[in-house]
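# Fold and contact review
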Amino acid sequence: EKAIDFFEKAMDLQPGISRFYCNAGCAYRELKQMAKATEYLQHAVDLDPNFATGHKYLGKLLHEQGRSSQALFHYERARELYPTDPEVLNYLGLLAIHPFVAIHYFQDALALNPNYPEAYCNLGKELIKHQQINAAIECFREALRLDPDYKMAENCLNTTINHLRNEGKLNLQA
């Protein structure tokens, strides 16, 4: 809440700075005040339609609210403005309708940032859908190597290994 006060004062002094609105929107999101977060993030991109970070965080917020088509618009705009942002590619992968497109986005994100555990985990989940089990297991393991406390990767890895074990398909590499 102190951060919001700071950004509010900064906006009063310089109301045309989109970054202040973006930061306040992100702070409201952390406080679970989604209507305020949306309002501030939308205002940030209205002030500066070329503000890639504003589009990224507005897209993320809309995605979390289940507003996928609106989120996709903002993710795509962020990608146009900043094509080397691995987070944007990861988010686009999450919204991709075609699984091969999703895999491509996750791989592109990892090419830009090979230390991105969420992208490894998301890639692993897509590979599971294509029966690329060993590759998926390696993705989950890499995510855990990068972030040993990453519960989603741990759960995906354990679920995959247990499924193989139950089907009698567990080999020494798994």
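A short tour of the structure in this document, coming up. Treat the numbers as computed from the prediction; the structure is a model and nothing was measured.

### Overview of the pattern of salt bridges
The tally for this structure, following the rule as stated, stands at nine salt bridges. Here Glu 80 and Arg 77 are joined by a salt bridge, their closest N and O atoms 3.0 Å apart. Highlighted residues: Glu 80 and Arg 77, both in helix 5 (residues 68-81), separated by three residues, approximately one helical turn. Here Lys 129 and Glu 126 are joined by a salt bridge, their closest N and O atoms 2.9 Å apart. In this pair, Lys 129 and Glu 126 both sit in helix 8 (residues 117-129), three residues apart, roughly one turn of the helix. Taking the relative accessible area as the measure of exposure, Lys 129 reaches 56% and is therefore exposed. One continuous salt-bridge network, built from bridges that share partners, spans Arg 29, Glu 30 and Glu 64.

### Section: the packing of helix 8 against helix 9 (residues 133-146)
In helix packing, the relevant descriptors are the interaxial angle and the interaxial distance, both defined with respect to the helix axes. Two elements in contact, helix 8 and helix 9, have axes separated by 8 Å at closest approach and are oriented at 165°. Judged on the interaxial angle alone, helix 9 and helix 8 are roughly antiparallel. Crossing angle aside, the handedness with which helix 8 passes helix 9 is left-handed. Packed against helix 8, whose contacting residues are Pro 117, Tyr 120, Cys 121, Leu 123, Gly 124, Lys 125, Leu 127 and Ile 128, the element helix 9 presents Ile 133, Ala 135, Ala 136, Cys 139, Phe 140, Glu 142, Ala 143 and Leu 146 at the interface.

### Focus: the nonpolar core
Cys 121 and Leu 123 are the most contacted members of the largest nonpolar core, which has 48 residues in total. With seven residues, helix 9 is the largest single contributor of residues to this core. Those residues in contact with Leu 123 that sit more than four places away from it in its chain are Ile 103, Phe 106, Gln 107, Leu 110 and Cys 139.

### Focus: the environment of Glu 154
Within the fold, Glu 154 resides in helix 10 (residues 151-166). Taking the C-alpha atoms as reference points, Glu 154 and Ala 37, 117 residues apart in sequence, are found 31 Å from one another.

### Quick look at the side chain of Arg 77
Among the polar contacts listed, one links the side chain of Arg 77 to the side chain of Glu 80, at a separation of 3.0 Å. Excluding its chain neighbours within four sequence positions, the residues that come into contact with Arg 77 are Pro 49, Asn 50 and His 55.

### Observations regarding unusual backbone geometry
Backbone geometry at Lys 32 places phi at a positive 65°, although glycine is not the residue there. Lys 32 gets classed as exposed once you look at its relative accessible area, which sits at 64%. The phi torsion at Gln 131 lies on the positive side, around 60°, for a residue other than glycine. Tracing the backbone shows Gln 131 in the loop between helix 8 and helix 9.

### Focus on the side chain of Arg 29
Tracing the backbone shows Arg 29 in helix 2 (residues 18-30). Dropping the residues within four chain positions of it, Arg 29 is found in contact with Met 34, Ala 37, Lys 60, Leu 61 and Glu 64.

### Some remarks on helix 2
For helix 2, with 13 residues, the first-to-last C-alpha span of 19 Å sits near the 18 Å given by 1.5 Å per residue. Phi turns positive, to about 65°, at Lys 32, one or two residues after helix 2.

### Digging into the environment of Ile 161
On the secondary structure map, Ile 161 appears in helix 10. Take Ile 161: its relative accessible area is 13%, and that puts it in the buried class. Between the alpha carbons of Ile 161 and Ile 133 there is a distance of 9.3 Å; along the sequence they are 28 residues apart.

Reading guide: rules and limits
Residues numbered from 1 in each chain as written. Predicted model: local features only at pLDDT ≥ 70, side-chain atom pairs only at ≥ 80, totals over all residues. Heavy atoms only, no water. Salt bridge = Lys/Arg side-chain N within 4 Å of Asp/Glu carboxyl O. Helix = DSSP H or I, 4+ residues; strand = E, 2+ residues; numbered from the N terminus. Buried < 20%, exposed > 50% of the residue type's maximum accessible area, 1.4 Å probe, protein only. Axes fitted to C-alpha atoms, helices over the stretch in contact; angles between N-to-C directions. Parallel < 35°, antiparallel > 145°, perpendicular 65-115°, else oblique. Left-handed = near helix turned anticlockwise from the far one by under 90°. Contact = heavy atoms within 4.5 Å. Core = buried A, V, L, I, M, F, W, Y, C linked by side-chain atoms within 4.5 Å. Polar contact = N/O pair within 3.5 Å; in protein donor to acceptor, adjacent residues only side chain to side chain. Expected span 1.5 Å × (residues − 1).

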